[in-house]
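# Structural overview
Residue strings, one per chain:
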Amino acid sequence: ILRGWEAQPHLRPYMASLQLDGKHICGGFLIAPQWVLSAAHCTEQMGDKHFQVLLGAHSLSAPEPHKRLYNVKAQIAHPGSNIHNNRDDLLLLQLEEKAELNEHVKVLPFQREDREVAADTLCDTAGWGTITHSGKRPDRLQEVQRPVISRELCNHRTRHDRTITEKMMCTDSNKKDTCKGDSGGPLVCNGVAEGVVTAGSRVCGNYKKPAIYTRIAPYAEWIDSIMASRDG
Ligand SMILES: NCc1cccc(Nc2n[nH]c3ncnc(Nc4cccc(O)c4)c23)c1
């Protein structure tokens, strides 16, 4: 997160850190006691390693009472996701067991009605992604509030030039923005997860490249079918 601020500890108890060998790679969030939603592009760095999911954390390094690292029993990328574009950039992770829910670990509801979030709506996004262009990584969860921009503006020739589908949405990226390591985190509007951070052009903080999110509502049935099909 560029030009954001430290989140109030544990006020975003749905936040997950996807880690490889103890290193934060991507964000994610708890959508059910045993399921985390993230971005399919996050698996591009895995090689033959397996993610672990950190829940209940504010600091990545300090001991905290409700922090717990979960192994992943299954990880399902959306069948339409691929490395060449941002379409269907969703990843479902089934934890080895149901997360222990408490004040610091909670499920975040996601939008099921497939209706656009109005432009200028202020939404929140959070993550342990880089906080400077030089790639400085925070120890504690950061957050930022950004206004939604219309798909028409986001698709302008000088912005993302007609690559934003009706299954994506955008927020203004002037200075304050998501960045490397924030992929997979939620875009929360009025307390509901409307989108999942995707890297898009990977540019951060440049108003000419608005931040892109995979809208969740169009995928509600896919998400439900995967969760139901695995000892749901
Ligand atoms: N704002 C959109 C967005 C959301 C999530 C991730 C991203 N960026 C990135 N995702 N993956 C990446 N691998 C390498 N570099 C990256 N961005 C980068 C790095 C240094 C300076 C800078 O200005 C941008 C990214 C960008």
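Here, the structure is the one placed above.
Notes on the structure in this doc start here.

Reading guide: rules and limits
- Residues numbered from 1 in each chain as written.
- Predicted model: local features only at pLDDT ≥ 70, side-chain atom pairs only at ≥ 80, totals over all residues.
- Heavy atoms only, no water.
- Helix = DSSP H or I, 4+ residues; strand = E, 2+ residues; numbered from the N terminus.
- Rg over C-alpha atoms; globule rule 2.2 N^0.38 Å.
- Buried < 20%, exposed > 50% of the residue type's maximum accessible area, 1.4 Å probe, protein only.
- Contact = heavy atoms within 4.5 Å.
- Areas by Shrake-Rupley, 256 points an atom, 1.4 Å probe, with all protein chains shown as cover.
- Pairing = 2+ DSSP bridges.
- Near = heavy atom within 4 Å.
- Polar contact = N/O pair within 3.5 Å; in protein donor to acceptor, adjacent residues only side chain to side chain.
- Arc of directions from axis to C-beta.
- Disulfide = S-S within 2.5 Å.

### Re the overall build of the protein
The helix and strand inventory of the protein stands at 2 helices and 13 strands. Scaling as 2.2 N^0.38, a compact globule of 232 residues should have a C-alpha radius of gyration of about 17 Å, and the protein matches this with 16 Å. Dimensions of the protein, computed from the C-alpha atoms along their principal axes, are close to 45 × 35 × 35 Å. For the protein, the proportion of its 232 residues judged to be buried stands at 53%. Considering only contacts within the protein whose residues lie at least 6 apart along the sequence, 70% involve residues at least 24 apart. Total accessible area computed for the protein in this model is approximately 10900 Å², and 47% of it derives from carbon and sulfur atoms.

### Focus: the pairing of strand β7 (residues 91–95)
Burial analysis of β7 places 5 of its 5 residues in the buried class, the great majority of the element. With burial as the criterion, each face of β7 is covered, one bearing Leu91, Leu93 and Leu95 and the other bearing Leu92 and Gln94. One ladder, built from 4 bridges, connects strand β4 (residues 35–38) with β7; its direction is antiparallel. Of the residues in β7, the one forming a bridge with leucine 37 is leucine 92. With 5 bridges joining them, strand β6 (residues 68–77) and β7 adopt antiparallel strand pairing. For alanine 77, the partnering residue across the bridge sits in β7 and is leucine 91.

### Comments concerning the site of the ligand
Around the ligand sit His133, Asp177, Thr178, Cys179, Lys180, Ser183, Val197, Thr198, Ala199, Arg202, Val203 and Cys204, and those are all the residues in its vicinity. Within the side chain of histidine 133, a nitrogen or oxygen atom sits 2.8 Å from an oxygen atom of the ligand. Contact between the ligand and threonine 178: a nitrogen atom at 2.8 Å from a main-chain N or O atom of the residue. Protein contacts shield 79% of the accessible area of the ligand, which totals 550 Å² for the unbound molecule.

### Here we look at the environment of glycine 28
With respect to the secondary-structure elements, glycine 28 resides in strand β3 (residues 23–32). Taking the C-alpha atoms as reference points, glycine 28 and arginine 215, separated by 187 residues in sequence, lie 14 Å from one another. Once residues lying within four places of it in the same chain are set aside, the contact partners of glycine 28 are Tyr14, Met15, Ala16, Leu18, Val36, Leu37, Ser38, Gly184 and Gly185.

### Considerations on the environment of valine 192
Relative to the elements of secondary structure, valine 192 occurs in strand β12 (residues 192–198). With 84 residues separating them along the chain, valine 192 and leucine 108 place their C-alpha atoms 7.0 Å apart. Setting aside its immediate chain neighbours within four residues, valine 192 contacts Pro109, Phe110, Gln111 and Leu187.

### Examining helix α2 (residues 220–229)
Ala220, Trp222, Ile223, Ile226 and Met227 are the residues of α2 that are buried. In a view along the axis of α2, the buried residues occupy a sector of 165 degrees, so they form one face of it. Residues of α2 that are exposed and point over 90 degrees away from its buried face: Glu221, Ala228 and Ser229. Of the surrounding secondary structure, the elements contacted by the buried residues of α2 are β3, β4, β6 and β7.

### Concerning the state of the cysteines
The tally for this structure, following the rule as stated, stands at 4 disulfides. In this model cysteine 26 forms its disulfide with cysteine 42; the gap between the sulfur atoms is 2.0 Å. A torsion of -95 degrees about the S-S bond marks the disulfide between cysteine 26 and cysteine 42 as left-handed. Of this pair, cysteine 26 sits in strand β3 while cysteine 42 sits in the loop between β4 and β5 (52–55), and the two are 16 residues apart along the sequence. Note on cysteine 42: relative accessible area 0%, which makes it buried. One disulfide bridge connects cysteine 154 with cysteine 170, the sulfur atoms lying 2.0 Å from each other. Torsion about the S-S bond of the cysteine 154 and cysteine 170 cystine: about -85 degrees, corresponding to left-handed handedness. Taken together, the positions of cysteine 154 in helix α1 (residues 151–154) and cysteine 170 in strand β10 (residues 168–171) put the pair 16 residues apart, joining distant regions of the chain. In this structure, cysteine 154 and cysteine 170 share a single accessibility class: buried.

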